[in-house]
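# Residue-level structural notes
Chain by chain, the residues:
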Amino acid sequence: MKIASWYVLIGVLGFTCACNSGSVLGTDDLGSGVDTPDGGIFDDAGAADAGPNVAPCMPGESVLNPFPYSAMFGFPGLRDSVTGAAHVLPPAQPRTGTSRNIVSFGAKPDDGQDDRAAIQSAIDASTSGDEVFIPKGLWNLSSTHPSSSQTGTILQLKLKSGVNLRGEEQASAVLVSNLDCDSNCSNINQFVIHGAGVSKLLLSDFTVTSTWNKTYSTDTNVSNPAVGGPAVAINLAGSGNAQDCFAISVERVTAEKYSRMGFRANGGCHDVAFRSCLAQNSTDVATGGAGYGFVLQGKTHQDPAAGSAPFADQYKNPFLGTPSDNYFNLIEGCRATGPYMRHGALVQYWSHHNAVTNSTFENTQLDSIDLHGDDEYSNEISANVVLDNPGGAGIGMGNSGAGHDKTGANNWVHHNLIRRSLRGISIQFGTAYSVVTNNCILDNTATANGYGVGLGFAARSVVQGNRVEGNTAAKFYGLYLFNDTSTGVSAAYRGSPANNLVDANLIKGNAFGIFAGTFGPQNTITNNQFIGNTMNNSYP
């Protein structure tokens, strides 16, 4: 598809620009006077302009119909795919029945003895509407659930539909697991708390930790020889061929000292919300799925277009509407903190119409929010804060790791604040039809060879209304178009950016303004404002 025909498509889809008379900035935005509500992007101080359509987040106004690809792929995020109507998750399950204290079932705090059976007995004795209450103290989980199999799923606490699990206080009601995968953590099906086919319950106000007490690692290439602890702290999933993991809230829960994932909603889960939760201190951050904070995961992808260029039919999901889908899930107000964290939040495989919002990700080793290069599509990443990422992107789309390549279509990344990150937002490895608007990427003054928004082998994506400012580290580019050459993906997912729209971005006070190389003519780069960058301060 050529650029000319792509603009016809954009026009059909209702692409509109809210810029003042088609320009990027109003006169006041150039610092010539007092700001007026002229419809520009930024005022002279770099803050949001007071004009119409001011977006409710950091950089200022939206300059785009945020759903340019809805005609092809539907509406993204927590919305009805066809109508765009908001999808409202069910409220947290209230307690309507009995509160059962685990002490009444024989659990004793702080004595070093196994409390797992007593806690499970309290869960098993409860019926829908009841809660199991965990008082303050250290509660030891030193055995496995009778349903565990050493060659299959290993679990300690098994959840029950309609039965809440509530601690007295997040930091003080502590479940201590003795699960330890030692030097071989290949069995990911090892869970402290597990719910398959459960629904209508609330987990709240406690911590899941482990007895692991060895040495942490920040090496993302070589597995930590001292790795240990459970694979996954809290795991939720559908049961076989049923979408029966739903209406679950996990609130004010901490997960730490695990090897793979802190919180996971797997295939078959929908309407699951992680709110105000904390993931920290993973025991490994190397390859093979180690060191993830929050994970939304569907069925493993089957690529229908290997060997072909990224066009729309490549992104059709054969599992849409089937039990393997992961959709309408939410990560909100959560926090993942490093340095012992590979990715803060990860969305992968056939996972769609989810939202990651208003969360904070600090000092992760690789991409803080990772759309993992497994066809995940129509997700919304918004209003998050990413801080101090020296080794990856604040938000990454596309992955060159084993078995990974492109991110799916129609993901909307907007109004995120990324500070002191090596890279701000990357779009690579065949990823197409992405929408990246109104993000702020600021203040990388130390880590060289980074960029604000990078387009590798990316197609038909929209990068608009973003602010990249104050990134003075050596060889940092505000906008960077480049050729993806990684041998970690097949040749079908290597190449240069084409048919992308890079429009109405503010690139200010960086080491370099833009690098487009020979790729500029393949893309539309227009209406961007370059101010005070040390080099490459204009385009073309």
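The following paragraphs examine the structure supplied in this document. (Residues numbered from 1 in each chain as written. Predicted model: local features only at pLDDT ≥ 70, side-chain atom pairs only at ≥ 80, totals over all residues. Heavy atoms only, no water.)

### Some points on the side chain of Q280
For the record, the criterion: Secondary structure elements are taken from DSSP: a helix is a run of H or I of four residues or more, a strand is a run of E of two residues or more, and numbering for both begins at the N terminus. Pairs of N or O atoms are called polar contacts if they sit within 3.5 Å, as long as, within protein, a hydrogen donor faces a hydrogen acceptor (for residues adjacent in sequence, only side-chain-to-side-chain pairs). Only heavy atoms enter the contact rule, under which two residues are in contact if any of them lie within 4.5 Å.
When you line up the elements, Q280 lands in strand 13 (residues 278–280). At a separation of 2.8 Å, a polar atom in the side chain of Q280 contacts the side chain of E256. Excluding residues that lie within four positions of it along the chain, Q280 makes contacts with T254, A255, E256, K257, Y258, T337 and M341.

### Some words on the packing of aromatic side chains
What counts, and what does not: Working definition: a ring pair exists when centres of Phe, Tyr or Trp rings (six-membered ring for Trp) sit within 6.5 Å. Plane angles under 30 degrees give stacked, over 60 give edge-to-face, the rest tilted. Each residue is assigned to one of three classes by its accessible area relative to the maximum for its type, calculated with a 1.4 Å probe on protein chains only: buried under 20%, partly exposed between the two thresholds, exposed over 50%.
By the definition in use, this model includes 18 aromatic pairs. Relative to F75, the ring of F67 lies with its centre 5.2 Å away and its plane at 75°, an arrangement referred to as edge-to-face. F67 sits in the buried class, given a relative accessible area of 16%. Given a relative accessible area of 18%, F75 falls into the buried group.

### Comments concerning unusual backbone geometry
The omega torsion of the bond from G338 to P339 falls at 15°, within 30 degrees of zero and hence cis. Phi is positive for D205, close to 60°, though the residue is something other than glycine. Secondary-structure assignment places D205 in strand 8 (residues 199–210).

### A look at the pattern of salt bridges
Spelled out, the test is: Think of a salt bridge as a Lys or Arg side-chain nitrogen and an Asp or Glu carboxyl oxygen that are within 4 Å of each other.
This model, assessed by the stated rule, comprises 13 salt bridges. Between D375 and K406 there is a salt bridge; the shortest N-O distance is 2.2 Å. In this pair, D375 sits in the loop between strand 22 (369–371) and strand 23 (380–382) while K406 sits in the loop between strand 24 (385–397) and strand 25 (412–414), placing the two residues 31 residues apart along the sequence. Both residues of the pair, D375 and K406, belong to the buried class.

### Observations concerning the layout of surface pockets
Put simply, the rule reads: Think of a 1 Å grid over just the protein atoms. A cavity is a set of points where a 1.4 Å probe fits yet cannot get out, a pocket is an open set with protein on both sides within 12 Å along at least five of seven lines, and lining residues have an atom within 4 Å of a point. Grid points are joined across faces, edges and corners, and a volume is the space filled by probe spheres set on the points. Any residue outside Ala, Val, Leu, Ile, Met, Phe, Trp, Tyr, Cys, Pro, Asp, Glu, Lys and Arg is labelled polar, Gly included; the first ten of those are nonpolar and the last four are charged.
Empty space within the largest pocket amounts to approximately 630 Å³. Lining the largest pocket are 32 residues, and of these R342, H372, N399, G401 and H404 lie nearest its centre. Classifying every residue of the lining of the largest pocket by side-chain character gives ten nonpolar, 15 polar and seven charged.

### With respect to the state of the cysteines
The line we're drawing: Whenever a pair of cysteine sulfur atoms sits within 2.5 Å, that pair is classed as a disulfide.
Summed over all chains, the structure comprises one disulfide. Here C245 is linked by a disulfide to C269, with a sulfur-sulfur distance of 2.2 Å. Classification of the bridge connecting C245 and C269 rests on its S-S torsion, roughly 85°, and on that basis the disulfide is right-handed. Of this pair, C245 sits in strand 10 (residues 245–256) while C269 sits in strand 12 (residues 269–275); the two residues are 24 residues apart in sequence, bridging distant segments of the chain. By the burial criterion, C245 is buried, and C269 matches it. Considering cysteine sulfurs only, C277 is the nearest to C334, which forms no disulfide, with 4.6 Å between them.

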